[in-house]
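# Chain and residue survey
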Amino acid sequence: MTDPDAVAFDPAEPVPDPAAMRKHYRAEGLAEAGLAATPVAQFARWFKQAAAEAHLFEPNAMIVSTADAEGRPSSRTVLLKQFDEQGFVFFTNYGSHKGRDLAGNPYVCLLFPWHPMARQVIVTGVARRTGRDETAAYFRTRPHGSQLGAWASAQSSVIASRAELDASYAELAARYPEGEQVPVPPDWGGFRVAPQTVEFWQGRENRLHDRLRYVVEQDGGWRVERLSP
């Protein structure tokens, strides 16, 4: 049914021209000599700068791209919750779109879009589920409302209305009031992305950006290669 209040797009109405939107990036660059020994150590440096120095809003926000068994891609924004030399960890409903994709095709790409710093970090790798003990340990750190939300939402499933979701949450809030322990949902947990490549992208003047990519070697070490912008 057509919405009578909907306003159709008018191509004659002036709108900002995306082709004319240009920003001049920074002069200082990224050199091989200044890189950390591992990509995770280098990520930690940049992450600290993004959070503590640039004060970016949610610097742990990353775009997670997956593909299903037929190769059809999808992307969404997810929050990074842990990282170490073993990989990058996020949590989700295993029955969600991304969870189903990763069950059939574990290859994944993570993108940290730190636009105010003219920086990006792009991680490609393989996602594996975290253990239940690790999942439970993180779940216990979540706010009470977020714990209830993990139960209330069958993520990515079709629902009839917002009221249905709110009713589910209210029922759970009555069952598990503030201060009472909420059990970990059986279909909710973490994924750890073990990196195979990690690219550090630094915007430069005249679009001659610096792109340095760590590539994992067979012995577990890393080599660094420079990519043309």
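Summarised in this report is the structure supplied together with it. Note that the coordinates shown come from a computational prediction; the quantities given were computed from them, not determined experimentally. (Residues numbered from 1 in each chain as written. Predicted model: local features only at pLDDT ≥ 70, side-chain atom pairs only at ≥ 80, totals over all residues. Heavy atoms only, no water.)

## Side note on the overall build of the protein chain
Convention followed: Numbered from the N terminus, helices here are DSSP runs of H or I no shorter than four residues, and strands are runs of E no shorter than two. Throughout, exposure labels follow a simple rule: accessible area from a 1.4 Å probe, protein chains only, divided by the maximum for the residue type, with under 20% read as buried, over 50% as exposed, and the rest as partly exposed. Between two residues, a contact is recorded if the distance between any of their heavy atoms is within 4.5 Å. The protein chains shown are the only cover counted for residues, whose accessible areas, like all others here, come from Shrake-Rupley with a 1.4 Å probe. The sign given to each residue is positive for Lys and Arg and negative for Asp and Glu; His and the chain ends receive no count. To locate a charge, the coordinates of NZ of Lys, CZ of Arg, CG of Asp or CD of Glu are taken.
A count of helical and extended segments in the protein chain gives 5 helices and 9 strands. For the protein chain, the succession of helices and strands along the chain, N to C, is α-β-β-β-β-α-β-β-α-α-α-β-β-β. Dimensions along the principal axes, computed over C-alpha positions, put the protein chain at roughly 55 × 55 × 40 Å. Out of the 229 residues belonging to the protein chain, those deemed buried represent 38%. The contacts of the protein chain with a sequence gap of at least 6 include a subset with a gap of at least 24, amounting to 63%. Accessible surface computed for the protein chain: about 13,700 Å², of which carbon and sulfur atoms make up 54%. Side-chain charges in the protein chain split into 25 positive and 28 negative, and the spacing between the mean points of these groups amounts to 5 Å.

## Some thoughts on the layout of surface pockets
Inclusion rule: Think of a 1 Å grid over just the protein atoms. A cavity is a set of points where a 1.4 Å probe fits yet cannot get out, a pocket is an open set with protein on both sides within 12 Å along at least five of seven lines, and lining residues have an atom within 4 Å of a point. Grid points are joined across faces, edges and corners, and a volume is the space filled by probe spheres set on the points. Residues were grouped as follows: Ala, Val, Leu, Ile, Met, Phe, Trp, Tyr, Cys and Pro as nonpolar; Asp, Glu, Lys and Arg as charged; and all remaining residues, including Gly, as polar.
A volume near 400 Å³ is recorded for the largest pocket. Along its surface, the largest pocket is lined by 17 residues, and Phe91, Thr92, Arg142, Gln155 and Trp188 are the ones closest to its centre. Listing elements by their share of the lining of the largest pocket, those giving two or more residues are β2 (73-79), β4 (87-93) and α4 (144-152). When residues in the lining of the largest pocket are grouped by element, the largest group, 4 residues, is from β2. Here the residues of the lining of the largest pocket sort into 6 nonpolar, 7 polar and 4 charged.

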